[in-house]
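Residue strings, one per chain:
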Amino acid sequence: MYRIGEGYDVHKLVEGRDLILGNVKIPYEKGLLGHSDADVLLHAIMDSLLGAMALGDIGKYFPDSDMKYKGVNSIELLREVKKILIDYADKRNQKIDICNIDATIICERPKLRNYIDEMRKNIAEALSTDIDRVSVKATTEEGLGFTGIGLGIATKAISLIEIKNVTATRL
């Protein structure tokens, strides 16, 4: 059986914060405002993975009201999401396989082309999957909307997960 999940996240750009996308620190005069490191790419991917399994969203597991997650590196949260998915499948005598993740970062600036391969590598490593199963793209909105005028960055992500039933071995 296959399951598809969609994720979306947006954060405001502000001065005095690092810009972190896909666990890559990108040189820029502004960063994203949020309770954690505000990595919109990883947040959208986590929501798409949780959504594929009908497990809610990251706010359910990592609420911004919990000081434990203040300033947390989102790659750690992505690893936790992987554990949540595996535990959920194990309880149902199933195994999961992340077939594909496709994400699009929406921002006017900075240009991200030089950082995308490192983002893909970080995501693939955190999820213990092949890099060729992780697609990250960047686009602009041609000066339109909040991302187009540089007020924030958004990301959309979609994930495909295969669920396999595990046959119990008899002794």
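The rules behind the values
- Every chain is numbered independently, its residues counted from 1 as its sequence is written.
- Totals for whole chains, interfaces and linings use every residue, but because this is a predicted model, local features are given only for residues with pLDDT of at least 70 and side-chain atom pairs only at 80 or more, for both listing and counting.
- The side-chain values count all of the structure's non-hydrogen atoms but skip hydrogen atoms and water molecules.
- For the purposes of this entry, the term helix denotes a DSSP run of H or I that reaches at least four residues, the term strand denotes a run of E that reaches at least two, and both are numbered from the N terminus.
- All radius of gyration figures rest on C-alpha atoms, and the globule criterion is 2.2 Å times the number of residues raised to 0.38.
- Just to be clear on terms, a salt bridge is a Lys or Arg side-chain nitrogen sitting within 4 Å of an Asp or Glu carboxyl oxygen.
- Each residue is placed in one exposure class: buried if its accessible area under a 1.4 Å probe, protein chains only, is under 20% of its type's maximum, exposed if it is over 50%, and partly exposed if it falls in between.
- In this tally Asp and Glu are treated as negative and Lys and Arg as positive; neither His nor the chain ends contributes.
- Here a polar contact means two N or O atoms within 3.5 Å. Within protein one must be a hydrogen donor candidate and the other an acceptor candidate, and residues neighboring in sequence count only if both atoms are side-chain atoms.
- Here, residues are in contact when the closest pair of their heavy atoms is within 4.5 Å.
- By this rule, a helix spans an expected 1.5 Å times one less than how many residues it contains.
- Between any two strands, at least two bridges found by DSSP are needed for them to pair.
- Angles shown run from 0 to 180 degrees and are taken between the N-to-C directions of axes, each axis being a line fitted to C-alpha atoms and, for helices, limited to the stretch in contact.
- Arc, as used here, means the arc of the directions from the helix axis to the C-beta atoms.

**Q** It is not clear to me how the overall build of the protein should be interpreted in this structure. Could you clarify?
**A** For the protein, the helix and strand inventory stands at five helices and seven strands. When the helices and strands of the protein are read in sequence order from the N terminus, they spell out β-β-β-β-α-α-α-β-α-β-α-β. Against the compact-globule benchmark of 16 Å for 171 residues, the protein has a radius of gyration of 17 Å, which places it among compact chains. If one aligns the C-alpha atoms of the protein with their principal axes, the spans along those axes are about 60 × 35 × 25 Å.

**Q** Any chance you could explain the pattern of salt bridges here in plain terms?
**A** Summed over all chains, the structure comprises nine salt bridges. Of the charged contacts in the structure, one is a salt bridge between R133 and D97, with a shortest N-O distance of 3.0 Å. Highlighted residues: R133 in the loop between α4 (116-127) and β6 (134-139) and D97 in strand β5 (residues 94-106), separated in sequence by 36 residues. With relative accessibility at 24%, the residue R133 sits in the partly exposed group.

**Q** How should I be thinking about the side chain of E108 in this particular structure?
**A** Residue placement: E108 occurs in the loop between β5 and α4. For E108, which is buried and forms no salt bridge, the nearest opposite charge comes from K111, at a distance of 5.6 Å. One polar contact links the side chain of E108 to the main-chain amide nitrogen of E141, over a distance of 3.4 Å. Excluding residues within four positions of it along the chain, E108 makes contact with T140, E141, E142, G143, T147 and G148.

**Q** Where do I start with helix α1 (residues 40-52) in this structure?
**A** Since the α-helix packs 3.6 residues into each turn, any two residues three or four apart lie on the same face. Across its 13 residues, α1 extends 18 Å between first and last C-alpha, which sits within 8% of the 18 Å expected from 1.5 Å per residue. Counting buried positions along α1 gives twelve out of 13 residues, so the element sits mostly inside the fold. The set of residues buried in α1 consists of V40, L41, L42, H43, A44, I45, M46, D47, S48, L49, L50 and A52. Where α1 ends, the next residue or the one after it, A54, has phi of about 55 degrees, a positive value.

**Q** Would you mind showing me how to read the sheet that holds strand β4 (residues 31-32) here?
**A** Strand pairing within a sheet occurs via backbone hydrogen bonds; the two strands may be parallel or antiparallel. Read across the open sheet, the five strands follow the order β4-β1-β7-β5-β6; overall the sheet is mixed. On the outer flanks of this sheet lie β4 and β6, each paired with one strand and no other. Judged from the two bridges that link them, strand β1 (residues 2-14) and β4 form a sheet pairing that is antiparallel. Note that in β4 the partner of L13 across the bridge is L32. Where helix α3 (residues 74-91) meets the sheet, its contacts fall on β5 and β7 (152-165), and the angle it forms with β5 comes to roughly 150 degrees. Taken strand by strand, α4 contacts β5 and β6, and its axis lies near 145 degrees from that of β6.

**Q** Is there a simple way to think about α3 in this case?
**A** For α3, spanning 18 residues, the distance from its first C-alpha to its last is 26 Å, which sits close to the expected 26 Å at 1.5 Å a residue. Turning to α3, its buried residues number three or more, namely S74, I75, L77, L78, V81, I84, L85 and A89. The buried residues of α3 occupy one face: seen down the axis, they fall within an arc of 160 degrees. Buried positions along α3 lie against α1, α2 (58-61), β5, α4 and β7.

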